[in-house]
Amino acid sequence: MCLKSSESFPDTRTPTMTSASCLNKRKPKIPTRLRVLNVTRRRRILKAEKEMEMRNMKLFLENQSIIRENEALKKKAFLLHQENNALFALLHP
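Please read all numbers here as calculations on a predicted model, not as lab measurements. (Residues numbered from 1 in each chain as written. Predicted model: local features only at pLDDT ≥ 70, side-chain atom pairs only at ≥ 80, totals over all residues. Heavy atoms only, no water.)

(A) Structural context of the overall build of the protein. Tallying secondary structure elements over the protein gives two helices and zero strands in all. Out of the 93 residues in the protein, the part that is buried amounts to 0%. In the form shown here, the protein has an accessible surface area of approximately 9,900 Å², with 61% of it arising from carbon and sulfur atoms. (Helix = DSSP H or I, 4+ residues; strand = E, 2+ residues; numbered from the N terminus. Buried < 20%, exposed > 50% of the residue type's maximum accessible area, 1.4 Å probe, protein only. Areas by Shrake-Rupley, 256 points an atom, 1.4 Å probe, with all protein chains shown as cover.)

Shown next, in the form of structure tokens:
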């Protein structure tokens, strides 16, 4: 079959002629600015998470210190109470 000059050539970019591998290689185009914003956002979130983790660790250690101090004060208060009861018993036989 001979084509006349007035006839156009068949479109080689039709979906039926496109290979499947070419379709698989295409990635959705994300604007560069959006990609940069996503990376920046991710970094900011990671930094905030690390800061929160450090703050949490400091508060945990401070809490442990307060608990130890509280236990020591309870023990001291118990000993003082016993001493007070013993002295009270000596005054009022």
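(B) How the structure looks around a nonpolar patch on the surface. Residues Met57, Phe60 and Leu61 make up a contiguous nonpolar surface patch of about 310 Å² in total accessible area. Summarising the element assignment, Met57 is placed in helix α2 (residues 32–91). (Patch = residues over 30% accessible without salt bridge, like charges linked within 9 Å, V, L, I, M, F, W, Y side chains within 5 Å. Salt bridge = Lys/Arg side-chain N within 4 Å of Asp/Glu carboxyl O.)

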